[in-house]
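Fold and geometry: a report
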Amino acid sequence: MKHKERVQKIRTFTEKNKVFTIMAVIAVIFLFSNFFFSKDNTEKNLPDTETVQAETEENPPEAEWQFYWSDLWILAVGGGFCTVMIIRERRKAKEELQ
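Residues numbered from 1 in each chain as written. Predicted model: local features only at pLDDT ≥ 70, side-chain atom pairs only at ≥ 80, totals over all residues. Heavy atoms only, no water.

**So, the overall build of the chain**
Assigned secondary structure in the chain consists of 4 helices and 0 strands. Listing every helix and strand of the chain by position from the N terminus yields α-α-α-α. The buried share of the chain, reckoned over its 98 residues, is 2%. Accessible surface, the chain as shown: approximately 10,100 Å² in total, 62% of it carbon and sulfur. (Helix = DSSP H or I, 4+ residues; strand = E, 2+ residues; numbered from the N terminus. Buried < 20%, exposed > 50% of the residue type's maximum accessible area, 1.4 Å probe, protein only. Areas by Shrake-Rupley, 256 points an atom, 1.4 Å probe, with all protein chains shown as cover.)

**Here's the deal with the packing of helix α1 (residues 3-16) against helix α2 (residues 18-37)**
It is the contact of α1 with α2, at a shortest axis distance of 5 Å, that shows an interaxial angle of 100°. Taken as axis vectors, α1 and α2 run roughly perpendicular relative to one another. Contact residues: Phe13, Thr14, Glu15 and Lys16 in α1; Lys18, Phe20 and Thr21 in α2. (Axes fitted to C-alpha atoms, helices over the stretch in contact; angles between N-to-C directions. Parallel < 35°, antiparallel > 145°, perpendicular 65-115°, else oblique. Contact = heavy atoms within 4.5 Å.)

**Some points on the confidence of the model for the chain**
In low-pLDDT regions, the fine details of the predicted coordinates are not to be read closely. Counting all residues, the mean pLDDT for the chain is 79, and 74% of those residues have values of 70 or more. The lowest-confidence element of the chain is helix α3 (residues 49-58), averaging 56 in pLDDT; the highest-confidence one is helix α4 (residues 69-97), averaging 90. (pLDDT = per-residue confidence, 0-100.)

**Some thoughts on the layout of surface pockets**
Counted as a void, the largest pocket has a volume near 310 Å³. Every residue along the wall of the largest pocket is listed here: Phe20, Met23, Ala24, Ile26, Ala27, Phe30, Leu31, Trp73, Ile74, Val77, Gly78 and Phe81. For the lining of the largest pocket, the secondary-structure elements that each account for two or more residues are α2 and α4. Per-element tally for the lining of the largest pocket: the top contributor is α2, with 7 residues. (1 Å grid on protein atoms, 1.4 Å probe; cavity = no way out; pocket = protein on both sides within 12 Å on 5 of 7 lines; lining within 4 Å. Points joined across faces, edges and corners; volume = space filled by probe spheres on them.)

**Observations regarding the packing of aromatic side chains**
Counted under the stated rule, the structure contains 2 aromatic pairs. Summarising the aromatic geometry, the rings of Phe13 and Phe20 are spaced 5.4 Å apart at their centres and angled 70° between planes, so their arrangement reads as edge-to-face. Residue Phe13 is classed as partly exposed on the basis of its relative accessible area of 32%. Measuring from ring centre to ring centre gives 5.1 Å for Phe20 and Phe81, while their planes differ by 20°; the resulting arrangement is stacked. Of the two residues, Phe20 sits in helix α2 while Phe81 sits in helix α4, which places them 61 residues apart along the sequence. Here Phe20 falls in the partly exposed class, since its relative accessible area comes to 29%. (Phe/Tyr/Trp six-rings, centres within 6.5 Å; stacked < 30°, edge-to-face > 60°.)

Okay, structure coming up:
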């Protein structure tokens, strides 16, 4: 497949699926904004090693993974979109068989 054919297929897909294109653009903007505007305080406020050792002995380390409500929304929207696309493809396959 040539480059022009791929570009044409992508253009027709995005023209037919405006919702997908808008969601993809929003997701990319959201990811880039989180990447560029995240705060990294590892170098600014380094605590003394004695206080860190005392805190770790008193309190066990917390889990590294945290749940954010935005994760739930992203999973719900992504799962819903994938479900809709799978149903569409199944309908197309059934129509082609008949």
